[in-house]
Each structure stands twice: as C-alpha cells, then as structure tokens.
Amino acid sequence: DQFDADDGSKYREITRLASPGTLLETTDEDAQYLAAVVKTDGGYGLAFADITTGRFLVTAVDDADAAHAELYRFSPTELLPGPELSNDDTFLNRLRERLDATHTLRPTDEFGPARARHRLREQFGKETLESIGLTDRDSPAVGAAGAVLAYVEETGAGVSAAMSRLQHYQPSDHLDLDATTQRNLELVETMQGGASGSLFDTVDATASSPGRRLLREWLTRPRRDRNELNRRHDAVEALAAAALVRERLRETLADVYDLERLASKATSGSADAGNLLSVKQTLATLPTLEEAIAGTPLADSPLAAVLARPNREAAATLRTELDEALREDPPKTVTQGGIFRTGYDDELDELIERHEELEGYFESLAEREKQNHGLSHVSVDRNTTDGYYIQVGRSVADQVPDHYRHVKTLKNSKRFVTDELEEKEREIMRVEEARGDLEYELFQALRERVAAEAELLQDVGRAVAEVDALASLAHHAANNDWTRPELTDGDALRVEAGRHPVVETTTEFVPNDLYLDRDRRFLIVTGPNMSGKSTYMRQAALITLLAQAGSFVPARSAEIGLVDGIYTRVGALDELAQGRSTFMVEMQELSNILHSATEDSLVILDEVGRGTATYDGISIAWAATEYLHNEVQAKTLFATHYHELTTLADHLDGVANVHIAVDGDPDAERDVTFLRTVRDGPTDRSYGIHVADLAGVPRPVVDRADGVLDKLREEKAIEARGSGNGGSGTTQAVFDLTSGSFAGGENEAEQAAEPATDGSGSSSEAAT
Ligand code: ADP
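In short, a report on the structure. Keep in mind it's a predicted model, so treat the numbers as computed, not measured. Along each chain, residue indices are assigned from 1 in the same order as the chain's sequence is written. Reporting in this predicted model follows two pLDDT cut-offs: at least 70 for local features of residues, and 80 or more for side-chain atom pairs to be given and counted; totals over whole chains, interfaces and linings ignore these cut-offs and use all residues. Processing note: side-chain calculations cover all non-hydrogen atoms of the structure and skip hydrogens and water entirely.

### So, the sheet that holds strand 4 (residues 78-81)
Note the following rule: DSSP bridges decide pairing: two strands pair if at least two such bridges lie between them. Under the DSSP-based scheme used, a helix requires at least four consecutive residues in state H or I and a strand at least two consecutive residues in state E, with every element numbered from the N terminus.
Strand order in the open sheet formed by 6 strands is 5-4-1-2-3-6, and the pairing between neighbours is mixed. Looking at which strands have only one partner, the edges of the open sheet turn out to be strand 5 (102-103) and strand 6 (167-168). Pairing between strand 1 (residues 34-40) and strand 4: 4 bridges, direction parallel. In the strand pairing of strand 4, Ala36 is matched with Leu80.

Below you can see the structure in the form of structure tokens.
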C-alpha cells in the first residue's frame, strides 16, 4: 500500500494502518492535525499533533464552547473523543456540523492520566510535564496528549520520534474567537465554503507552503501580547519599506522545501535521497537570506533575530555533510545506486570502480569476439532469466569457437555462454549486490543522521516560514497601501479612512472612519438594506484581528486598544440550510456572546431578533443592548433595522448612533444612491418598505405596508433601563412608539410593561 517504503520490501517491511490523522505522505500543504479531546469534572483537555511536521500542542479549557472553538481553530482531520465524550451526541454533533474530522474511538484506558503521564515522559523526557507547566490539575490535557501519542505509536511506524517537543499553550494568550466568529469573519473559508474570497486567501502572498501554514495560523490564532505583535509589526514595517530586498527574499523563499515535514519523513524512515537533497538545499537558504538582509535596514529589524534563532553552526555542518555525500541528481529509489558522490566512501568508490570495469568488460565483449573469432553479427546482452549471453546471428552460428556453450536457440539467432563470461557474470552480481547493500547502508546512516537533527530542521523550517509569512504581510501591505496600527492597552478603537480588506480588492471602496472608546462604546449602525452596514462592522472586526495577527491594516491610520476576543452574530442563512431553527441559533449565539464577552472584547451584532415576531424581536434587541452596555461594557457595533433602538443613544451614556448615508429622498423618488459613507446620528427613517418598493412590490402593497407600520406603532412603549454609569436598572425613560420619542415617568413605565402584542398577527393583517 501507500506506506510501503520506496526502499523496496527487501530492506524493510512497513505495515501501517492508514487513518486520516496519521497519514505521512500527504500532498496537502495545510497542517494535518490529529486531535484528542477529554472531558472531566475539571474541564476539557485538548491535544493536537501534526505528525507531518512534528508539532504537538496541548491545552486545557473550561467548557464545551471553548473546546469547540479550539477544535475549530485547528480544524483536525481526525479526532479521538475521550471516554466521557464518545457518547455525548450534543458535543459531537455540533462538531460534525462544522468540522470534517473522522471520529475514531479509542480504548478508555489510553486516556487515563497515569498511563498518559508515563507515555509522555518516555517520549519527551522526565521533566517535560513540569517544565511546560502541566500540573495535576491539567490531567484532562495530559490524558488527551497521551491518547494521541499512543495512537500515533500504534499507527504511525516510527513517526512519533519526530515529535520532540510538547508545547503547552494557554488559549488566553490568543484572541478569543468562537467557532461562529471564525466562520462569520471568513478567515480561511467563506460562508459559502471554499477558500477563495477569504481573508487568508486575500492577504496570502507567501512563497512556500510552510510560510502559508504559519500565516494561516497567525490569522486564526491572533495574539494579545503587545510585545510579540510589535515585533511582527516592526518586521513588516522594515520589509514593507525595502521592496528590492523583499523581492530577493521572496525569490529565495520560493526555493525552500518543507523542512518540518522532511524532518518527519527522515524520522519515519520514508525520506528518499531527493528528500535529503531538499533538506540540504533548504538549509542553504538560511545563509542566503542572511546575506540578503546584511547591510540593509532589515539587518536591524526583528527579521535578523528570526534568522539567528536556529543553531546555524549545526545547520552549516549538516549542510556540508549532505553536500559531500549526495550527488545533485539522485535517483528516486534508494537501492539502485547513484546516490553518493565519489570520494564520500572509499569502499563504495572501489566497488563502483570495479563495477564499472566489469560493465566495460561486457560492453566491449561483442567487439572482441568479432575480432578474435571472425564473427559478424554478435552482440552481448543480459536478461533476467539467462543472465549474460553472447548472441550470434543464425547465418554465422555454426562458425562459433569450441569454447562457446549453446544455451538457447531463437528464430534468427543463437545464444551462447563461455566460462569466462560466467565468471565475470558471477563477479558483477557480487559487486552489484555489495554496492547496493553498502549504498543502502550508507544512505540509512545518512538519513538517521538527518533524523537525529529533526529538531534543528524544525527550527530552521520555522524560521524560514516566519520570514515568508512576514514578507507576505509586508508585500500585501505595500501593494495595498496598508498602514501600521498603533497598539495600545487602552480602550480606544480609532480607525481613520478604514477599508474592508477583502472587499477593497474587488470594489472601488469608500473608506470610513470608526471611533470607539469607553465613553462611546456602543454604536448603533442604521441604514437601508445593502447600504454597507455589515461591511462596515466586519471591517472593524477584521482590522482589529489583522492588527492582532501582526499585520498592517487597510486604513489611513489605526489605533487599536488590544481586545481579548471578538464575538460576532450575523445572518444565519447557512444554519437554516442545515435544518436548525434560525431563531434558536441566533439566540444561542447571542447567549454565548452575553456570557463570554468582557469589557475588553469587541462585539459585532448584525441584526438581533429578526428571526421572531417584531415585538419579541425588538424587546430582545433592546434588552441585549442594555445588558451589553451596562453589564458587559464591551465595545459593540450593532446593526439593526429596528429604527426604534436609535433613541437609546439619548439615554444610555455609552451608546451613539451612526448611519450609512444615502442620497435622494426615498419618499420622493425611486432611485437612492448608496454613498457608503458612515455619518454620526441615526438614519431618518427605516427603509424596509422603501426596499420593497425598490424591488418592484406593487404600489398598493407598499402603501398598505406604510399604513400597517403606522398602526403597529400605536400606543406601544418601551422603557430604557440603566444609563451606563452604574446601570442600576431604574427606569430612565419611556419610549413611546406612537410619537417616536421618550416620555419620562415611572407610572407610564408600568403601563408600558404590558406584554407586547404578537407581531406575526399584525403581519398577517398586512397581507390582506
Ligand atoms: P448591508 O449590511 O447594509 O445590507 P452590506 O454591508 O452587505 O450592506 O453591503 C452591500 C454592498 O455594498 C456589498 O456588495 C458591499 O461590497 C458594498 N459596500 C459596502 N460598503 C462599501 C464601501 N464602503 N465602499 C464600497 N462598497 C461597499
């Protein structure tokens, strides 16, 4: 099968169980994670291993949502659910909806912490668990890691040796991005599915697959750590300013091979001579990259430190060794010679020399026989059944000398052998076998030598990938006029002339400003359908995310108070396609945001309450706004078609209105022009009916709808609770839907608290 070594079965027999998470010969350049998730009373433990690169990460999280978010981030190809979860359909089905991972059940005891601990110590060294900060509290994480390792050992024939480092990460080092948000923001895949049009697809200008893998990781796991982000921004800035050097770097990077993966192949014994040559060539790019930046401003940038990180002496030594060993054009098989340079091994050289002499003997034999015995039509050849023979044309076959022994008659010729020929044949067979054995032995030793440097290869691979990812970000920034964001620990999010990173590549984009801080933390975004509300809000989220991935951002200037998470709720079309109730999904998502977001988070709400009757919907939107503003205090952008909500700005301190301007009076004329410009203040009206009009809904229906809307507004009122400075929950004002304004007073508030009439009843009225 595909795991059979190309070495040929004569030398080794590899039988492996193929499973999606333990495939070594993948052609997919994306990371290929095998994951395990374990649940205990204390929370969830997660482990992720990519056997093709040797990456092995573990973490622990508190709840199922967080576990889902991590699983979605890593997008494993295979998942081993722990004993508590293997029957948890809620957990697993939710995952299945979002992830294309094969679920593989493993014996319960493989997840046991004691056994796992033992296994991990064997693999990574005695003190590993302590040194990476895994304590007894993290037993679910340890259990998950142990189960992954056991599975790799069982199925992966030797690849576990490439996993030399266990990394323990804290989800809190990264931006909180729940699974829904990762999808809504179309980071690596659009809502329709498919990579094209995603953020990653747009900004990716990497030259190598390891660079691509790393860039994708940066975008899906943005950071909170200002130092790390400033380091990336410094490098991107320096690279963006040095176009020529950057191009030289990118040219060099285009020649690099995937060292992390080559390390795994060497370790598992499946690397061929070509792979070792690729290792050599890629190691050689390290000094080339260093030379390219030497004497340029980049030499003082963090890029220099990235390139200096791997042990360069060890890398140079290994490269020299490989260079001395390998010929430039090695064959695909490792058993047929031609791998090593002359001078690499004396014994091999002797065997090769002797082999060539013998080949020379056979090559010139026909000529000699012709001359010595006066034969015309003679050739010397070899096949598998007869070995070497002298073939003589039929017409002269009776003129052969006596010492020729006849072995076979063909239609037009006869075949003969001689004692000397047989002796030379035995010798060449001996030499060939000895040469093959020796060459294979030498090759294995060389491969083991490379395997022993797996960690070095991973370091170099990682450094080169980082240069690639940084150069890619710089390339995109320079070509699209992106700017370096200023990161602060404050609350402000100030974007001057911001653009949507994806939409701007295909559209004449109208830039917009954005300003949020503690005193202006909640923006209600109104405007007609299709005016650009979602684009504006996503743009805010993506600019923040890009900044915290280490990238420049599409804006004239940007000040980003670092956020701890981005939460989004947007239209749920795809959920509907999956047969889940839209409104239920909407409310689950809202619930998750209200529970998880903090005052340091950024929240994007694109319509809330649309999936239910009008008065239900408006009530929920209203209450959610108050809660987010008063309790959570997250920075929030909320697009709503409930025009009524805009009045909240007058009563809640941190709430402000913006709207997307349109030109033309929708009442007077049919064409409005979308200006795409965001302005302060609410829209002057709700445009829903206008859009119906635009869409060609018959005039009597449009007019009737106007009338119905007026009717719906009669004598209904809503109170605004809390004002942000304290949020005591006392009644501040009563909003009268009839007049469209607030009328103060406790008593009226009581009246207003009547249950809202059922909006769906009213809409059936509209249909008559
Ligand atoms: P809404 O959420 O108000 O319905 P969208 O954000 O979906 O509107 O935008 C509608 C269309 O307008 C999209 O095709 C989008 O590409 C385009 N658009 C939005 N904002 C801008 C802008 N600032 N400049 C140019 N085109 C824009």
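### A closer look at the site of the ligand
Counted only if it meets this: Note on definitions. A residue lies near a molecule or strand when any single heavy atom of the residue is within 4 Å of it. Polar contacts, as counted here, are pairs of nitrogen or oxygen atoms within 3.5 Å of one another; within protein the pair requires one atom able to donate a hydrogen and one able to accept it, and residues that are adjacent in sequence qualify only if both atoms are side-chain atoms. Note on areas: Shrake-Rupley with a 1.4 Å probe; residue coverage comes only from the protein chains shown. Residues were grouped as follows: Ala, Val, Leu, Ile, Met, Phe, Trp, Tyr, Cys and Pro as nonpolar; Asp, Glu, Lys and Arg as charged; and all remaining residues, including Gly, as polar.
Lining the immediate environment of the ligand, one finds 15 residues, of which Val510, Met530, Lys533, Ser534 and Thr535 sit closest. Lys533 has a polar backbone atom sitting 2.9 Å from an oxygen atom of the ligand. A distance of 2.5 Å separates an oxygen atom of the ligand from a polar side-chain atom of Thr535. Against a free-state accessible area of 570 Å², the protein chains account for coverage of 80% of the ligand. When grouped by side-chain class, the residues that make up the shell around the ligand number 5 nonpolar, 7 polar and 3 charged.

### Some points on the packing of helix 12 (residues 273-293) against helix 17 (residues 454-480)
How two helices pack is summed up by the angle between their axes together with the distance between the axes. Formally: Lines are fitted to the C-alpha atoms to define the axes, a helix being fitted only along its stretch in contact, and any angle between axes, read from their N-to-C directions, falls within 0 to 180 degrees. Angles are sorted into four bins: roughly parallel if under 35 degrees, roughly antiparallel if over 145, roughly perpendicular if 65 to 115, and oblique for all others. Helix crossings are classified by the rotation of the near helix relative to the far one: an anticlockwise turn of less than a right angle makes the crossing left-handed, while a clockwise turn makes it right-handed. In this description, contact between two residues means that some pair of their heavy atoms is separated by no more than 4.5 Å.
Following both chains from N to C, one finds helix 12 and helix 17 inclined at 50 degrees, their axes separated by 10 Å at the closest point. What the angle tells us is that helix 12 and helix 17 run oblique. Considering only the axes of helix 12 and helix 17, their crossing is left-handed. Two secondary-structure elements touch here, helix 12 through Val279, Leu283, Thr285, Leu286 and Leu289 and helix 17 through Leu457, Val460 and Val464. Of the residues belonging to the contact of helix 12 with helix 17, the class tally is 7 nonpolar, 1 polar and no charged.

### A look at the pattern of salt bridges
Our working rule: The salt bridge definition used is simple: a Lys or Arg side-chain nitrogen within 4 Å of an Asp or Glu carboxyl oxygen.
For the structure on display, the rule yields 47 salt bridges. Here Arg449 and Glu453 are joined by a salt bridge, their closest N and O atoms 3.0 Å apart. Through salt bridges with shared partners, a single ionic network connects Arg106, Asp109, Glu110, Arg115 and Glu154.

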